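What the coordinates show
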Amino acid sequence: MFRAQLRAAISEKIKEKFGGVAIPEFTMSAPENPEHGDYATNVALALAKALGKNPMEIVQEMKSVIGAHELIEKIETAKPGFINFFLSTHALSRALEDILAHPDTWGESDIGRGKTVIVEYFQLNIAKRPHIGHIRSAIIGDALKRILLSQGYRAVSDTHVGDWGTQFGILLWEIKERSVATTAFENLSFDQTFTELENLYQAGVHRVENTPGGRDRAKAEFAKLEQGDGENREIWRWLVDVSMKKLEESSARLNLLPFDEHRGESFYEDKMAPIVEMVLQKGIAKKTDDGAVVVDLTSEGLDEAIMIKSDGASTYLLRDLATIRYRREQWNFWKNLYVVDVRQSHHFRQVFRVAELLGFDGAGESEHIEYGFMSLPTGAISTRAGNTISLESVLNEAEERARKVIVEKNPDLENMDEIARIVGLGALKYFDLSHHRRSDIVFRWDEALSFEGNAGPYVQYTYARLKSILRKTGGEGAKAAKSAELDSLERQLLTSMLSLNEAIEDTLEDFMPNILANYLYTLAKLAN
Ligand code: ARG
């Protein structure tokens, strides 16, 4: 890694030259314009401040002391105090030789060795169809897990399935009322299953609203479930099993890495009471007149965090507190990441704050990896009928549209189905990943499916093209040019290639996959 090596070299020279001065923070990055060198630093500006000297003077002094470094061919300086480095061809070709000696592990590292990262994503809900809102969580979470694994982290994925809460009271009541048999969904397709489940839920809501005391009745059904009632447990288990089987199909279609855990919210059932006791005992929470247990965070601008509702039911928030504690005990994580949309930022701030007040180990290492909305150009995330757009329908459309583009470009292609699937899914994933995760994105098919611009198919096309060159040259092309002169494009391509690990490092700094995606786009452009 040239960047790290240059940084280290500079720090060392500062110590040599300026003795006692503390090494200031400084930047080291690749300039936009390659004519300004491969890396540039503002170290002289930072030092000038610390030493009360003129930056250009420091630039000259630094230039003379680092000039002879083996990585560097040439140093240029620029006002008001930048130093630009040009790497030596020798250093570049040596690094390339290193890659070619182990081509299969290029980009990998072990910077994460011994560190466990929990990545929680694709948190689906039982008895509900996965929809467009779940796509980004799946794509970003899966990408982060893959990147972490490549850097030697132990990345553990969990889904925190939504399988608990008062909505189950409504479903239970409806199912019992209609005497739906637990075999009713056998042999139903993915689509039919969720249509049935959604119909049951909607009918249940209708029943609750149109029956005097209906709300209490539904709550009572959930309370029975929480207390372990045999019949309710059996129905609930059946709902979970049916849904989870179907949900596996969605992960498979998205080609996600296997999950390590599917710990539903219900898993934390017996881990909540000790926490309630603890908040009350420590005086962090108070019991309200109607029996709710609440942590007052209003003075911190975080409102009231409700742990137990007035009807005695546990909350989503309480289950999340139990989750942090459990995960820390089980995994001793270095980081605990939640890939969830921005609407839950407030929720996670409450969770992390209460965990901190409770002195939970791991509160400070827990992080909400928030992302903005993905919508379709029609504006909404819902269809005209008001239903949310399903994940399946987005994937189907991606494949169909990819197929159309391929038929136009290459009508005789073999295994058209497989290619359409790969290009469609790749387009969707790349579109998501190449945007800043916090922005709201409008998914435009033309843009996402472009073989020319910053899009998945373009990157895939470049990869296929390079593979084809390698096949044709029998691998012979892949030899390091030891002493040959590189022209400026070749040089740019090489330095860009060699900064893969820097792009990965920057991506993991704040868990921003767009950094890696855009790196790949730049690399693809240079390669083409
Ligand atoms: N199932 C939740 C929902 O659909 C998301 C879960 C997020 N994860 C968590 N640990 N709270 O809104």
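Scroll up a little and you will see the structure.
Since this is a predicted model, take the numbers as computed values, not measurements.

The local shell around the ligand consists of Glu120, Gln123, Asn125, His160, Tyr316, Asp320, Tyr338, Val340, Gln344 and Phe348. A distance of 2.9 Å separates a nitrogen atom of the ligand from a polar side-chain atom of Asn125. Contact with the protein chains covers 86% of the free accessible surface of the ligand, which is 350 Å². Where the shell around the ligand is concerned, the elements lending two or more residues are α11 (316-331) and β10 (335-341). Here the shell around the ligand is built from residues that sort into four nonpolar, four polar and two charged.

Once that is clear, we can look at the pattern of salt bridges. Taken as a whole and judged by the stated rule, the model has 40 salt bridges. Residues Glu70 and Arg94 are paired through a salt bridge, measuring 4.0 Å at the closest nitrogen-oxygen approach. One end of the pair, Glu70, is in the loop between α3 (55-66) and β3 (72-78); the other, Arg94, is in helix α4 (residues 89-101), with 24 residues separating them in the sequence. The closest approach of N and O atoms between Lys74 and Glu76, which form a salt bridge, is 3.5 Å.

The next thing to look at is the pairing of strand β6 (residues 154-158). When you tally the buried positions in β6, you get four out of five residues, the bulk of the element. Here strand β5 (residues 116-120) pairs with β6 via five bridges, running parallel. Looking at the pairing, Val117 lines up with Ala155 of β6.

What follows concerns α4. Spanning 13 residues, α4 covers 18 Å between terminal C-alpha atoms, matching the ideal 18 Å at 1.5 Å per step. The set of residues buried in α4 consists of Ala91, Leu92, Ser93, Ala95, Leu96 and Ile99. The inward-facing, buried residues of α4 abut α1 (2-18), β4 (82-87) and α17 (488-497).

With that settled, the discussion passes to the packing of aromatic side chains. With the rule as written, the count across this model stands at 15 aromatic pairs. Judged by centre distance (5.7 Å) and plane angle (65°), the ring pair of Tyr458 and Tyr521 falls under edge-to-face. Taken together, the residues Tyr458 in helix α16 (residues 456-472) and Tyr521 in helix α19 (residues 513-527) connect sequence positions 63 residues apart. Assessed through its relative accessible area of 9%, Tyr458 is described here as buried. Here the aromatic residues Trp164, Phe222 and Trp236 are joined through ring pairs into a cluster of three or more. Over the ring of Phe267 we find Arg263, and its NZ or CZ is 4.3 Å from the ring centre. When the ring centre of Trp334 is taken as reference, the NZ or CZ atom of Lys335 above it lies at 4.9 Å.

This next bit is on the side chain of Lys145. Secondary-structure assignment places Lys145 in helix α5 (residues 132-150). The contacts of Lys145, once residues within four sequence positions are left out, are Tyr121, Ala155, Ser157, Leu257, Pro258 and Asp260.

The rules behind the values
- Residues numbered from 1 in each chain as written.
- Predicted model: local features only at pLDDT ≥ 70, side-chain atom pairs only at ≥ 80, totals over all residues.
- Heavy atoms only, no water.
- Near = heavy atom within 4 Å.
- Polar contact = N/O pair within 3.5 Å; in protein donor to acceptor, adjacent residues only side chain to side chain.
- Areas by Shrake-Rupley, 256 points an atom, 1.4 Å probe, with all protein chains shown as cover.
- Helix = DSSP H or I, 4+ residues; strand = E, 2+ residues; numbered from the N terminus.
- Nonpolar A, V, L, I, M, F, W, Y, C, P; charged D, E, K, R; others polar.
- Salt bridge = Lys/Arg side-chain N within 4 Å of Asp/Glu carboxyl O.
- Buried < 20%, exposed > 50% of the residue type's maximum accessible area, 1.4 Å probe, protein only.
- Pairing = 2+ DSSP bridges.
- Expected span 1.5 Å × (residues − 1).
- Contact = heavy atoms within 4.5 Å.
- Phe/Tyr/Trp six-rings, centres within 6.5 Å; stacked < 30°, edge-to-face > 60°.
- Lys NZ or Arg CZ within 6 Å of the ring centre and 35° of its normal.

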